[in-house]
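# Fold and geometry: a report
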Amino acid sequence: MSALDRLHLVRHGEVHNPDHVVYAGIAGFRLSPRGREQAAVAAARLSEMPVRRVVSSPLERAVETARPIADVHGVGVETFDDLGEWGLSARWAGHRWPDLPSAFPGELEAYRVDPSDLPFAPESLEAAGRRVAACAERAWSDPPGEGHVVVVSHQDPIEAARRLLTGRDLSSFNAAKPAHASVITLAPAVEDWREICVFTPPQE
């Protein structure tokens, strides 16, 4: 692999969710028309880069985001369970976001204050970040090769992995999480990874 090769962390595009449900791992939640446009913009952003591999969470919204990126480069989409959603979302799955304060008193508020310290979560934020980071590094190095690697996952796991890969902690986690179909570009460094840039498609 070359020092010019890059690792791209991509959040999936906007999801069709008119009822504002916590969809977590529930089947049937696909990209909205805007989400498909965002995925196409992300694919166009990466079209001039020598992408050799595209890996994705197995959830529909992630695969739908990954596919146009992979198609541009004539590669398939590989799915890995370790790129799936944060375990916390499984606890809330099927409930509407506006109903969470009554269904799970205090939990949404705690998530907004400090998601890295949630004793009720079935998986810690750090654990979610570490599994996504480890999966990204495996996709990068096994098998080894020259070219860029694209990893498509979900907002909180992607942000946690981004921080861990670049040697940062999880403090102020909610301050700057990736928007829909954002592309976070990392470069290999002597220790950890170095963040090069963040590209965000139109959100409205």
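Keep in mind that what you see is a predicted model, and the values were worked out from it rather than measured.

### Quick look at the nonpolar core
Grouped together as the largest cluster of nonpolar side chains are 18 residues, with contacts concentrated most on Leu7, Leu9, Val151, Leu165 and Leu186. With six residues, helix 6 (residues 125–141) is the single largest residue contributor to this core. Among the nonpolar cores identified, the runner-up in size contains 15 residues, and Trp92, Phe104, Ala160 and Phe173 belong to it.

### Observations regarding the pairing of strand 6 (residues 193–199)
One ladder, built from six bridges, connects strand 5 (residues 183–188) with strand 6; its direction is antiparallel. Within the sheet, the bridge partner assigned to Ala187 lies in strand 6 and is Arg194. The turn linking strand 5 back onto strand 6 is made up of four residues, and Asp192 within it adopts a positive phi angle of 60°.

### What about the pairing of strand 5?
Within strand 5, five of the six residues are buried, which leaves the element mostly enclosed by the surrounding structure. Of the strand pairs in this sheet, strand 1 (residues 7–11) and strand 5 are connected by four bridges, and their pairing is antiparallel. By the bridge assignment for strand 5, His8 is matched with Thr185.

### Some thoughts on helix 7 (residues 155–165)
Helix 7 sits mainly inside the fold: ten of its eleven residues count as buried. For helix 7, the full list of buried residues reads Asp156, Pro157, Ile158, Glu159, Ala160, Ala161, Arg162, Arg163, Leu164 and Leu165. Residues of helix 7 that are buried in the fold lie against strand 1, helix 5 (107–113), helix 6, strand 4 (148–153), strand 5 and strand 6. With its phi angle positive at about 75°, Gly167 sits one or two positions after the end of helix 7.

### Section: the sheet that holds strand 5
Within the open sheet, the six strands sit side by side as 3-2-4-1-5-6. Their pairing is mixed. Unpaired on one side and paired on the other, strand 3 (77–79) and strand 6 mark the two borders of the sheet. Geometrically, the sheet is characterised by an average inter-axis angle of 25° between neighbouring strands, direction not taken into account. Taken together, the three bridges between strand 2 (residues 51–56) and strand 3 define a ladder with parallel strand orientation. Residue pairing across strands places Ser56 opposite Thr79, the latter belonging to strand 3. Sheet strands in contact with helix 1 (residues 33–46) are strand 1, strand 2, strand 4, strand 5 and strand 6, and its direction is about 125° off that of strand 6. Along the sheet, helix 7 makes contact with strand 1, strand 4, strand 5 and strand 6, crossing strand 1 at roughly 155°.

### Quick look at the layout of surface pockets
Approximately 400 Å³ is the volume attributed to the largest pocket. The wall of the largest pocket is formed by 20 residues, among which Glu85, Trp97, Tyr111, Gln155 and Asp156 lie closest to the centre. Among the elements of the structure, helix 3 (87–92), helix 5 and helix 7 are those that each provide at least two residues to the lining of the largest pocket. Classifying every residue of the lining of the largest pocket gives ten nonpolar, five polar and five charged.

### Here's the deal with the packing of helix 1 against helix 2 (residues 60–73)
Across the interface, helix 1 lies against helix 2 with an axial gap of 8 Å and an inter-helix angle of 35°. Regarding helix 1 and helix 2, the two cross each other, and that crossing is right-handed. Along the contact surface, helix 1 presents Ala39, Ala43 and Leu46, while helix 2 presents Glu64, Thr65, Pro68, Ile69, Val72 and His73. Looking at side-chain class alone, the contact of helix 1 with helix 2 contains six nonpolar, two polar and one charged residues.

Analysis parameters
- Residues numbered from 1 in each chain as written.
- Predicted model: local features only at pLDDT ≥ 70, side-chain atom pairs only at ≥ 80, totals over all residues.
- Heavy atoms only, no water.
- Core = buried A, V, L, I, M, F, W, Y, C linked by side-chain atoms within 4.5 Å.
- Buried < 20%, exposed > 50% of the residue type's maximum accessible area, 1.4 Å probe, protein only.
- Helix = DSSP H or I, 4+ residues; strand = E, 2+ residues; numbered from the N terminus.
- Pairing = 2+ DSSP bridges.
- Contact = heavy atoms within 4.5 Å.
- Axes fitted to C-alpha atoms, helices over the stretch in contact; angles between N-to-C directions.
- 1 Å grid on protein atoms, 1.4 Å probe; cavity = no way out; pocket = protein on both sides within 12 Å on 5 of 7 lines; lining within 4 Å.
- Points joined across faces, edges and corners; volume = space filled by probe spheres on them.
- Nonpolar A, V, L, I, M, F, W, Y, C, P; charged D, E, K, R; others polar.
- Left-handed = near helix turned anticlockwise from the far one by under 90°.

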